[in-house]
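# Observations on the model geometry
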Amino acid sequence: MAERADVVVVGGGVMGLATAWALRRARREVLVLEQIRIGHTQGTSHGAGRIFRLAYDEPEWVRLAQEALGLWREVERESGEALLELTGLVDMPLDPGLLVATLDACGAEHELLDGGEVERRFGLATDCREVVFQPEAGIVRADRALSAFRAGAHVREEARIQALVPHEDGVRVETEGGSIEASVAVVAAGAWAKPLLADAGVDLPVVPTRETVAYFELTDRRPVPSVIDYGNREAYALTAGTGLVKVGIHRSGPPTDPDKAGIPDEGIVRFASDWAARTFRLARPEPVSVETCLYTNTDDTRFVLERHGPIVVCSACSGHGFKFAPAVGNRVTELVSAATSRP
Ligand SMILES: Cc1cc2nc3c(=O)[nH]c(=O)nc-3n(C[C@H](O)[C@H](O)[C@H](O)COP(=O)(O)OP(=O)(O)OC[C@H]3O[C@@H](n4cnc5c(N)ncnc54)[C@H](O)[C@@H]3O)c2cc1C
């Protein structure tokens, strides 16, 4: 006889685990199935940190980040772990007026600074005449966040879902070890989601890319704010521990197959090294390490959170999803409730 479950979550990255956290708070029974192991380095959620910020040009994203900030604080209280390190964000925007107007409209704190002030306060160099400093920003400690969401979750590792078969009473989840009959399946499978959903008759308009990031040593021991430089191919930086900074170029990687081994892009490493050397006081110009990570991109960086009968899609990436994870978990929980509510 097939195993039975209330909600099966496919994927144990940050979105799957945050969804399991939110579903448990809504008193749902959840089983998370992860094809590799939680915290593995072949997907999108691994590593020490991701930028947290309220600063977006569009008010919808600012409000979602504000909602997520409150929820991250709840996860911190529950887990006893410090998950946010709010060293601020130095945003080097193309249109400072637009960003300031949006932050004002959403009641998000910010300051306009000139280049001299940025240099004095943070030891950072910029060509921009005006930058926006946003204090409720910095990083989410990614690896700690995964552990906090995982605590208390029912997780099965090395369990790859081969197919999802929706039917009248729910969905059959097929694994190598047998079938599970669930009321709802949430697909939070990151860069692997598209073919799995296609086989179940759901089109997910995303393209996985392989992104390169590099780590640099700093001479400065002061806390490093996160940085986004929109005029320089959207180069970004975030603290990776005292005296270390992680640097990447947003959405710069080629389309990829998530099952293939990742090779860092030398051109990106060169661009990141030049930008880091101009922006930070580096102890040495070459990176101390380089790695790759997968983006799952929509054409306009939106997230796809939608329900198709007993299958709920949770694809929240385009390289900016992590900060929103607990808020995404709540949205997905609403979709799961809709899937199981009787008329
Ligand atoms: C270089 C880089 C920098 C980023 N910077 C930021 C940032 O500064 N701020 C920010 O907010 N966001 C950032 N992001 C984005 C953020 O990390 C992602 O939005 C988030 O991690 C996506 O998580 P996920 O759970 O959807 O995907 P994943 O972490 O990839 O999780 C999906 C999981 O599903 C599993 N899986 C897949 N198929 C199956 C199957 N058939 N059966 C079982 N399990 C399966 C996979 O093994 C994987 O563990 C960045 C991403 C990258 C790559």
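Residues numbered from 1 in each chain as written. Predicted model: local features only at pLDDT ≥ 70, side-chain atom pairs only at ≥ 80, totals over all residues. Heavy atoms only, no water.

### Overview of the pattern of salt bridges
- Counted under the stated rule, the structure contains 23 salt bridges.
- Between arginine 150 and glutamate 157 there is a salt bridge; the shortest N-O distance is 3.5 Å.
- The residue arginine 284 makes a salt bridge to glutamate 217 at a minimum N-O spacing of 2.8 Å. Remark: glutamate 217 occurs in strand E13 (residues 207-217) and arginine 284 occurs in the loop between helix H7 (266-279) and strand E17 (289-297); sequence separation between them is 67 residues.
- Judged by relative accessible area, which is 25%, glutamate 217 ranks as partly exposed.
- Salt bridges linked by common partners bring Arg37, Arg150, Glu157 and Glu158 together as one network. (Salt bridge = Lys/Arg side-chain N within 4 Å of Asp/Glu carboxyl O. Helix = DSSP H or I, 4+ residues; strand = E, 2+ residues; numbered from the N terminus. Buried < 20%, exposed > 50% of the residue type's maximum accessible area, 1.4 Å probe, protein only.)

### Some words on the pairing of strand E14 (residues 226-229)
- Covered by surrounding structure in E14 are Ser226 and Ile228 together with Val227 and Asp229, the residues of both alternating faces.
- Where strand E5 (residues 89-92) meets E14, 4 bridges bridge the pair, whose relative direction is parallel. Of the residues in E14, the one forming a bridge with leucine 89 is serine 226.
- By the bridge criterion, 3 bridges tie E14 to strand E15 (residues 235-239) in an arrangement that is antiparallel. Bridged to valine 227 within E15 is alanine 237. (Pairing = 2+ DSSP bridges.)

### Describing the nonpolar core
- Core analysis: the biggest nonpolar cluster contains 67 residues, and Met15, Trp72, Phe149, Val186, Phe324, Val328 and Val336 have the highest contact counts within it.
- For this core, the leading source of residues is helix H2 (residues 59-79), giving 9 residues.
- Once residues lying within four places of it in the same chain are set aside, the contact partners of tryptophan 72 are Phe52, Leu83, Leu84, Val140, Ala145, Phe149, Phe322, Lys323, Ala325 and Pro326.
- Core analysis: the second largest hydrophobic core is formed by 28 residues, Ala159, Ile161, Leu196 and Leu204 among them. (Core = buried A, V, L, I, M, F, W, Y, C linked by side-chain atoms within 4.5 Å. Contact = heavy atoms within 4.5 Å.)

### Overview of the sheet that holds strand E4 (residues 84-85)
- Strand order in the open sheet made by the 3 strands is E3-E8-E4, with antiparallel pairing throughout. The open sheet has two edge strands, strand E3 (49-52) and E4, and neither has a second partner.
- Where E4 and strand E8 (residues 138-141) come together, 2 bridges link them in antiparallel fashion. Across the sheet, the residue bridging to glutamate 85 is isoleucine 139, located in E8.
- Strand contacts of helix H5 (residues 142-150): E3 and E8, with the helix running at about 45 degrees to E8, the strand carrying the most contacts. (Axes fitted to C-alpha atoms, helices over the stretch in contact; angles between N-to-C directions.)

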